[in-house]
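An overview of the molecular structure
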Amino acid sequence: MATFKLDLFDPPIDVRILTEHVTEEQLMNWNPFTTWAKTLKASLELQTQLDHTGEKHPFHEFPYTVRSVDIQAVDWFGRGKLGFVKLTAKIQNEAPNPQTLPGAVFLRGGSVAMLMILRPSDSNSERWVVMTDQPRIPAGSLRFWEIPAGMIDDDTNDFSGTAAKEIKEETGLVVPRSELINLTELALAGTQVDEGLEDAMYPSPGGCDEFIAIFLWEKVMDRQEIENMKGKLTGIRKQGERITVRILNYEDLWKVGARDAKTLAAWSLYEALKRAKTPQLRALSVRFLVDVLI
Amino acid sequence: MSTFTLPDTDVSIKLVDGLTKEQLLEFPAFKNWIKTLQSNLSLQASDPSHEFHKSPYSLKHIQIQAIDRFGPRIGFMKIHATVTNSEGEFLPGAIFLRGASVGMLVVLQPDDLPENSQEEKYVLLTVQPRIAAGGLQFVELPAGMVDKGTFNGTAAREIEEELGLKIPADELINLSELAIPAREEGKTEICPRAMFPSAGGCDEFVPIFLHEKRIPRKQLAEWTGKLTGLREEGEKITLKLVRLEDLWLEGARDAKALAAWALYDGLKRSGKL
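Remember, predicted model here, so these are calculated numbers, not experimental data.

As for the overall build of chain A
- Helix and strand content of chain A: 8 helices and 14 strands.
- In terms of overall dimensions, chain A has C-alpha extents of about 70 × 50 × 35 Å along its principal axes.
- For chain A, contacts bridging at least 24 residues in sequence account for 61% of all contacts bridging at least 6.
- Of the roughly 12800 Å² of accessible surface on chain A, 48% is carried by carbon and sulfur atoms.
- Averaged over its 34 positive side-chain charges, chain A has a centre that lies 5 Å from the centre of its 42 negative ones.

Encoded structure:
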């Protein structure tokens, strides 16, 4: 069992590595771990400050501090990439009857989800959504429907990952960063929050650091192109195909995707923003030559 | 650290120190997950049109990596499941196992408005530390459990303490089940009718419940006043009241809040609610 001092927190704390499958160096080079520590540290520092309305922090009198962290388990992805880390943080205050905060954390970092909407050029109201259908062993399912999830590639700036690859193969569609609208960012524009949380959706903030930026990608296409895609993608999944691309009528999205947090989140933000008819959305719609307000 | 075979299967399971075979097999999250998985894996053989029929996947091994206890009770487990087929292909099997919880959409409305009015509806939200997200004031839809006939947990306790509002199970509408049909056309998998926050890495599923209540306008004003007043020093969890139409905005970072807004809106507009 290795122990090291983590000076991302003030005062520095002991990190005990209880698994033989990761080293201090690997952990410190892993973005989700350092981001989590820095975000938490910044939030803890706010305890002794006044907020943007001049109010004292609720934990002003007996602020919490991180005392120690135990790294319990890790999972490595292929090509030497650290995937997940399970840790427990001990977080306590100095009240006469010391209080602790629940500190079990499943660390995996952020990702992105795409609400990919295809609109036939001959219709103002018709919309189709690109979905993925794949095994999700944690859910015990071999056929779990979601809006596409993945990453934004550091180099190409495109939507990337297994879903993106399959979508490109099946439909030819490529989603560049420049054509994406971050719906959470748009929703939160103008609001002020003191803590440095991401402009993203947190699926399970009680136990997991994961945050998912929900992007909108709307594209107007020839009806025939959409029909061709639909024809290719409906019906029985190809034998052995790990991830299947589906095209779904937008009207059915909130029901068919009701098991997927990303789908419901994307639908909410899209619907609410459209109805709010915010100036930002109006400006964006002009920029992308798509009337997203319809 | 011992290894055993899951009864009636060929699945080998490796435990960690401090966890016995009996404790694992009794852990509700594990029981539910493995039952669901085994059932859905068996469809591969029984359904000739199943996409994996030719080379079906099977569960070979489970490694328990870590457990977190709340007192004597197991709260979370981190496991790795080896799911592979005869072609040597693997399905991602890293799982944060924690079981189900519920999201509670509490909608309050002054009772002097007409019965079908959609005006002046308010939603209760919680504000509390969420260390995993790195924040001390994370805004969410109230979360908890529904057992022993009521909504329970930290949020439920806070709602009862602050407002005297108890939420009995028989005054709940399961929005997830209203939206997700019981036996879907062409689909024969077993899957809970609930929202899965992160199905790629976690077993957690969260049915979204609705508790809609019409209360005297005066009471709503009292509660609003109470919740915007001075926070008690050091109180870990607090509540806030927001307009229903702003739920998506006030809860924009919370999967449960966005899911609740979506389901309520979708079900209302389609006449199912």
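Here we look at helix H3 (residues 154-163) of chain B
Residue and element names in this part refer to chain B.
- Residues Ala155, Ala156, Glu158, Ile159, Glu162 and Leu163 constitute the buried set of H3. Projection of H3 onto a plane perpendicular to its axis shows the buried side chains occupying an angular sector of 160 degrees, all on one side.
- Its buried side turned inward, H3 meets strand E8 (122-130), strand E10 (143-147), strand E11 (150-152), helix H5 (217-228) and strand E14 (238-243).
- Once H3 ends, the next one or two residues include Gly164, with phi positive near 70 degrees.

Describing the confidence of the model for chain B
- Per-chain confidence: chain B averages 94 in pLDDT, with 97% of residues scoring 70 or above.
- In the model output, the complex is listed with pTM 0.95 alongside ipTM 0.95.

Focus: helix H7 (residues 261-276) of chain A
- Its 16 residues give H7(A) an end-to-end C-alpha distance of 22 Å, which sits within 8% of 22 Å, the value for a rise of 1.5 Å per residue.
- Among the 16 residues in H7(A), 14 count as buried, and that is most of the element.

A few points about the side chain of A:Asp70
All names here are of chain A.
- Position of Asp70 among the secondary structure elements: in strand E3 (residues 64-77).
- A polar atom in the side chain of Asp70 sits 2.8 Å from the side chain of Arg16.
- For Asp70, the residues in contact, after removing those within four places along its chain, are Arg16, Leu18, Lys86, Leu87 and Thr88.

A short note on the nonpolar core
- Of all hydrophobic cores here, the largest spans 57 residues; its most connected members are A:Leu115, B:Leu105, B:Val123, B:Leu141, B:Ile208, B:Leu247 and B:Leu263.
- Ignoring sequence-local partners within four residues, the contact set of B:Leu141 consists of B:Gly103, B:Met104, B:Leu105, B:Val123, B:Leu125, B:Thr126, B:Ile208, B:Leu247, B:Asp254, B:Lys256, B:Ala257 and B:Ala260.

Focus: the interface of chain B and chain A
- Taken residue by residue, the interface counts 83 residues in chain B and 80 residues in chain A.
- Interface of chain B and chain A: buried area, both sides summed, is about 7200 Å²; carbon and sulfur atoms make up 62% of it.
- Contact with chain A buries area across many residues of chain B, yet B:Glu51, B:Ile131 and B:Arg253 alone supply 12% of it, more than any other trio.
- Joining chain B to chain A, the criterion identifies 7 salt bridges.
- Put simply, chain B and chain A have 31 residue pairs in polar contact (both at pLDDT 80 or more) between them.
- A per-element tally of the side of chain B that touches chain A places helix H7 (residues 255-269) of chain B first, with 11 residues.
- Considering only residue class, the side of chain B that touches chain A consists of 41 nonpolar, 18 polar and 24 charged.

Observations concerning unusual backbone geometry
- Cis geometry marks the peptide bond from A:Asp10 to A:Pro11, where omega comes out at 5 degrees.
- Within the secondary structure, A:Pro11 is located in the loop between strand E1 (2-6) and strand E2 (13-17).
- Unlike most non-glycine residues, A:Asn157 shows phi in positive territory, near 65 degrees.
- By secondary structure assignment, the location of A:Asn157 is in the loop between strand E10 (149-152) and strand E11 (159-160).
- By relative accessible area, A:Asn157 is classed as partly exposed at 40%.
- You will see that B:Asp8, though not glycine, has its phi angle at about 65 degrees, which is positive.
- The residue B:Asp8 is located in the loop between strand E1 (3-5) and strand E2 (12-14) in this model.
- Taking relative accessible area as the criterion, B:Asp8 reaches 85% and is therefore assigned exposed.

Basis of the calculations
- Residues numbered from 1 in each chain as written.
- Chains lettered and ligands numbered in written order.
- Predicted model: local features only at pLDDT ≥ 70, side-chain atom pairs only at ≥ 80, totals over all residues.
- Heavy atoms only, no water.
- Helix = DSSP H or I, 4+ residues; strand = E, 2+ residues; numbered from the N terminus.
- Contact = heavy atoms within 4.5 Å.
- Areas by Shrake-Rupley, 256 points an atom, 1.4 Å probe, with all protein chains shown as cover.
- Lys, Arg positive; Asp, Glu negative; His and termini not counted.
- Charge placed at Lys NZ, Arg CZ, Asp CG, Glu CD.
- Buried < 20%, exposed > 50% of the residue type's maximum accessible area, 1.4 Å probe, protein only.
- Arc of directions from axis to C-beta.
- pLDDT = per-residue confidence, 0-100.
- Expected span 1.5 Å × (residues − 1).
- Polar contact = N/O pair within 3.5 Å; in protein donor to acceptor, adjacent residues only side chain to side chain.
- Core = buried A, V, L, I, M, F, W, Y, C linked by side-chain atoms within 4.5 Å.
- Buried area = accessible area lost by both parts, 1.4 Å probe.
- Salt bridge = Lys/Arg side-chain N within 4 Å of Asp/Glu carboxyl O.
- Nonpolar A, V, L, I, M, F, W, Y, C, P; charged D, E, K, R; others polar.

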